[in-house]
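Listed here are the chains, written in short residue letters.
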2 protein chains.
Amino acid sequence: MATLSDVARRAGVSPATASRVINGSSKPVTDELRERVLAAVAELQYVPNAHAQLLARSHRSAVGVIVHDVSDPYFAEITRGLQRVATDQGRLLMICNSYRDPDRELEYVELLRGHQVAALILAGSGYHDEAFTRQLNEKLTAYEATGGRVAVIGRHEHSGDAVMPDNRTGGYLAGRELCALGHRAIGVVAGPRILTTTTDRLAGLRQALAEQGRELPERRIRYAEFDRDGGAEATARLLDADPDLTAIVALNDSMAIGALATLRTRGLAVPQQISVLGFDDMPIARDVTPALTTVRLPLVDMGVRAMSLVLGVGAPTPRVEVLPAELVRRDTAGPVPRSTRATVGSAPRARRGDAAS
Amino acid sequence: MATLSDVARRAGVSPATASRVINGSSKPVTDELRERVLAAVAELQYVPNAHAQLLARSHRSAVGVIVHDVSDPYFAEITRGLQRVATDQGRLLMICNSYRDPDRELEYVELLRGHQVAALILAGSGYHDEAFTRQLNEKLTAYEATGGRVAVIGRHEHSGDAVMPDNRTGGYLAGRELCALGHRAIGVVAGPRILTTTTDRLAGLRQALAEQGRELPERRIRYAEFDRDGGAEATARLLDADPDLTAIVALNDSMAIGALATLRTRGLAVPQQISVLGFDDMPIARDVTPALTTVRLPLVDMGVRAMSLVLGVGAPTPRVEVLPAELVRRDTAGPVPRSTRATVGSAPRARRGDAAS
DNA sequence: TACCGCAGAGAAAGCCCTTTCCCGCAGGGA
DNA sequence: TCCCTGCGGGAAAGGGCTTTCTCTGCGGTA
C-alpha cells in the first residue's frame, strides 16, 4: 500500500509538502510542486490511511449511532433523518445494530468511543432495567467527560439531550379513537414489556380507556417481539383467549401487519368484524390492504433533530424535544360490528370457539 | 481521553505491560501487575484508541460493504447474510449506502480502502456505463494489488469473485408463468435501464415470450426508480398508454407494491382483471393483499456466499457462484380475464378510456 | 551595502498503540 | 563457583500522517 512518503519521494518533495497539497492546506505551495505531487498520487493510486489521519489530527469528525436494527423500517426512517444532517455537515456515520441486546448496546458504546466519534446517538427504546441503565449511564458520562456529545432518541434515564416521540399521547389517541368507534373489547399486541416504548404507549392507551371509566386488563395484552411474526403470534394468542375482541391495537406497524396476517388466516374481515390499529406509520402502512389506520410519528424528523442537537452548539441545560404523535385514519379501524354492539354490557356471546373472557 | 500511558503510569508499569494485559497477549504477566493494570483501566474508564491500534497492528480485520441502500429490503436481506458470516468470524462491517450514485460508489471504494478494510463487497447491480465501469475496475484492481479481497454481488464487469443471482432465469420464469396463464398483453414496470439487473431480468422475460413466438415491444415497458413510488408511477403511465394490459411484471417487489397501489386506485381487481408479478420475494411480499406472486431470490444466502468467498482462502481462479431464482405462486397472478381472452388476436377493445396501443 | 521580512520548503515532533528486542535476575546443571 | 537458560519486565522502534518550527534565499528598504 502506497504511503505518503512514497508519494513524496516520487514527487521529489518532502512528506510535509505532499500532505499540504493533498489536504488543501492553507499553507501555499508552488504550482510546480503541486502538479508533481498530484501526478504521483494518481500514478500510485494513493489513498491516505484514514486511521493515521485520525490519529494525527486532533478533531474528531465521525458520529456513532446505535439502533436496534437499521433494516427495521422504524429505524430506517430515523436513520434517514440522521444521515441527512450528517451528510450536510460532511460527517461520517458509524451505525451499529444492537438487535435489542443490552450487552451489545454497551459494547457498542465502547467500540464507538474507541473509534473516537465526536458524538453518540442512541436511537432505540430505553429499557426498564436498572443495572443496565446504570452501566450505560456510567459509560455515557465517561464519554461526555472527554468532550463527547450524546443524544438519545426515546425515553432513556439519561440526563442529556434527547428527542422523545410522544408515545404516551400516541397511545392515548389510539385508545380514544377506538372508544369513539364504540369498541369495548380491545386487545393489545405489545412489544417486549422491558422497553419503555411499550410501556409508554400502553400507558397512553390506558389513560384513554380510563377517561371512559374503563380499564385494560393484563389478560387483554400479549407481549411479543416487536416485529411482524411477533404480532402474528400475539394476535393468535389473544384471539384464542378472547374470541370476542372487536379491536386490536398493535404497538407498532410491523406487529400490526402480523396481526392482519393472522386475522386473514382466520377469516376475520378487517374492519367489518374486527378493527386494527398500528403505531409509527411506517411507509408500508399505506400499502397493505386494507390500508393501516395508525399513529404517526415523525420518524425522519426525529433523526434530523437528534443529529442537529448533537452537532449544534452545546447548551448548558440538556435539551429535550418532544415530537408529537398524530392519528392517521385509513381503513383498518371501523365502528364496532352490530352483532357485538348488541351484546355490549350483557354476557359476551362467543362468535366462534369458546369465549375465554 | 485517557491513554495507554495514563493507565500504565497509574498502575506503575510500562505501557508495554499494560498493553499486554489489556490485549491478553501470550507473553506472561504476573498476577499482581495484571490486577493493578485492570484496576487502572476500570478507574480511568480506559478504552483503547481503535485508530492507533489499527495503525500499530499489521493485520486488517474490518470488511467494507457498498450497497445501494441498507434500508431497502432487498439489501437488508443481503446484509443480514453478510453480517451473519462476518459476526461469526469476529469481523466488523463498514456498510455504505451509494443510493445508486456511481460517483458515490467510487468515493466509497476509496474511503473503505483508506480505512484499511481487509475486503470489499459490492452488493448492488452493475451499471451499463463504460466510463464508470473502467474507473471502478481500476480502483478495485489497485486495491487488490495491495492484498485486498473483492467480491461483487450481481453482474459487474469485474473479473474477480462474484455471486450472481440468476436474474435472467428469474425473468424467464415470470414470462413463462404469464404465458401459461394465457396473458398476451403484458406490461413491464422496470427499474432504471442503466442497471444490469434491469436488463438481465428483461432479457429473461423476452426469452420466455420469444419461445411463444412473441415479443416485448418497448412501448410495453416503463422505466422508473426501483422503488414503490417508481412502480406506482410507471404502472400509471403503462395503463394510460395501454388500458388493455392483462398482466404487469414489476422488476422488483417494491415496484410491484407500487403497481398494486395504482391498480387499487384505479379500481382494477387483482388478479381478476389484471395480474401482477413481482421479483425478489422480499418479506413483505406475503403480507400485501392479495399476496404477491413473485420470483424468489435467495437474498440472505447471497450475502452469506459473498462474505464466505471474501473471507475464505483466495482461489487462483475467480469463483463465480450463480444462485437460482424460483417462482413463488401466491395470489396476484391468475388466468387472463374472459372478456379479454375473447378479443385476443383481434383489434383490442378498450375496457375504459382510450386504447393507445 | 547592510539588514529586515517574508514566502516557500523541509525537519522533526508528536498522535496512541503494538511488538520486537534487550536486560536483569533467579534457578539449575556442570 | 561459573555459566547457561528462561522468565518477567521495560525500552524503543515503528505504523502513516499532520503540523509546528526552522531554515534558506530572495526582494525591498534605509
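Computed from a predicted model, the values in this text were never measured in an experiment.

Attention now moves to the protein's contact with DNA strand C. What surrounds DNA strand C is a group of 26 residues, the closest being A:Thr17, A:Lys27, A:Thr30, B:Leu4 and B:Tyr46. What you see for DNA strand C is that sugar and phosphate hold 67% of its atoms within 4 Å of the protein. A distance of 2.8 Å separates a base nitrogen of DNA strand C from a polar side-chain atom of A:Arg20. Here a phosphate oxygen of DNA strand C and a side-chain polar atom of B:Gln53 are 2.9 Å apart. Breaking the surface near DNA strand C down by element, the ones donating at least two residues are α2 (15-23) and α4 (50-56) of chain A together with α2 (15-23) and α4 (50-56) of chain B. Among the elements that take part in the surface near DNA strand C, α2(B) stands out by supplying four residues, more than any other. Split into classes, the residues belonging to the surface near DNA strand C amount to 13 nonpolar, eight polar and five charged.

What follows covers the domain arrangement of chain A. Domain assignment breaks chain A into domain 1 (4-56), domain 2 (63-165 + 300-324) and domain 3 (167-296 + 327-343). On a C-alpha basis, the centroid separation for the pair domain 1 of chain A and domain 3 of chain A is 61 Å.

Here the focus is the layout of surface pockets. The volume enclosed by the second largest pocket comes to roughly 1600 Å³. Looking at the lining of the second largest pocket, the elements with two or more residues in it are α5 (73-88), α10 (228-241) and α11 (253-265) of chain A together with α5 (73-88), α10 (228-241) and α11 (253-265) of chain B. A total of five residues in the lining of the second largest pocket trace back to one element, the largest contributor, which is α5(B). Here the lining of the second largest pocket is built from residues that sort into 17 nonpolar, six polar and 22 charged.

The next subject is the sheet that holds strand β1 (residues 63-67) of chain A. Residues and elements named next belong to chain A. Sheet architecture is open: six strands sit in the order β2-β1-β3-β4-β5-β11, paired in parallel fashion. Edge positions in the sheet fall to β2 (93-97) and β11 (320-323), since each of these pairs with one other strand and no more. In this sheet, adjacent strand axes meet at a mean angle of 15° when their direction is disregarded. Pairing between β1 and β2: five bridges, direction parallel. Residue pairing for β2: Val-65 is matched across the bridge by Ile-95. Those strands touched by helix α12 (residues 299-311) are β1, β2, β3 (119-123), β4 (149-153), β5 (161-165) and β11, and its axis lies near 160° from that of β4.

Our next topic: the side chain of A:Thr294. All names here are of chain A. Inspection of the secondary structure assignment puts Thr-294 in strand β10 (residues 294-296). You can call Thr-294 buried: its relative accessible area is 0%. Within the local environment of Thr-294, its side chain forms a polar contact with the side chain of Asp-253, the two groups lying 2.7 Å apart. Contact partners of Thr-294, with chain neighbours within four places excluded, come to Asp-253, Gly-278, Phe-279, Asp-280, Asp-281, Glu-326, Leu-327, Val-328 and Arg-330.

Take the relation of the copies chain B and chain A next. Each of the two chain copies goes to the other by way of a rotation about an axis and a shift along it. With an RMSD of 0.1 Å, the fit of chain B onto chain A corresponds to turning through 180° and sliding 0.0 Å along the axis. Both chain copies can therefore be described as sitting about a two-fold axis.

On to the pairing of strand β8 (residues 247-250) of chain A, then. The side chains of a regular strand alternate, residue by residue, between the two faces of the sheet. Residues and elements named next belong to chain A. A two-sided burial pattern is seen for β8, the buried positions comprising Ala-247 and Val-249 on one face and Ile-248 and Ala-250 on the other. Summarising the sheet, strand β6 (residues 186-190) and β8 pair through four bridges and their orientation is parallel. From the neighbouring strand, Val-189 faces β8, where its bridge partner is Ala-250. Crossover handedness for the path β8 to α11 to strand β9 (residues 275-277): right-handed.

Residue and element names in this part refer to chain A. The residue after Val-270, namely Pro-271, is reached through a cis peptide bond having omega 5°. Tracing the chain through its elements places Pro-271 in the loop between α11 and β9. Phi angles above zero are rare outside glycine, and Gln-45 is one such case at about 55°. Along the chain, Gln-45 turns up in the loop between α3 (31-44) and α4. A residue is classified by how much of its surface remains accessible, and Gln-45, at 27% relative accessible area, is partly exposed.

Conventions used here
Residues numbered from 1 in each chain as written. Chains lettered and ligands numbered in written order. Predicted model: local features only at pLDDT ≥ 70, side-chain atom pairs only at ≥ 80, totals over all residues. Heavy atoms only, no water. Near = heavy atom within 4 Å. Polar contact = N/O pair within 3.5 Å; in protein donor to acceptor, adjacent residues only side chain to side chain. Helix = DSSP H or I, 4+ residues; strand = E, 2+ residues; numbered from the N terminus. Nonpolar A, V, L, I, M, F, W, Y, C, P; charged D, E, K, R; others polar. Domains from an automatic or database assignment. 1 Å grid on protein atoms, 1.4 Å probe; cavity = no way out; pocket = protein on both sides within 12 Å on 5 of 7 lines; lining within 4 Å. Points joined across faces, edges and corners; volume = space filled by probe spheres on them. Pairing = 2+ DSSP bridges. Axes fitted to C-alpha atoms, helices over the stretch in contact; angles between N-to-C directions. Contact = heavy atoms within 4.5 Å. Buried < 20%, exposed > 50% of the residue type's maximum accessible area, 1.4 Å probe, protein only. Least-squares fit on C-alpha atoms with pLDDT ≥ 70 in both. Right-handed = clockwise from strand over helix to strand, strands pointing away.

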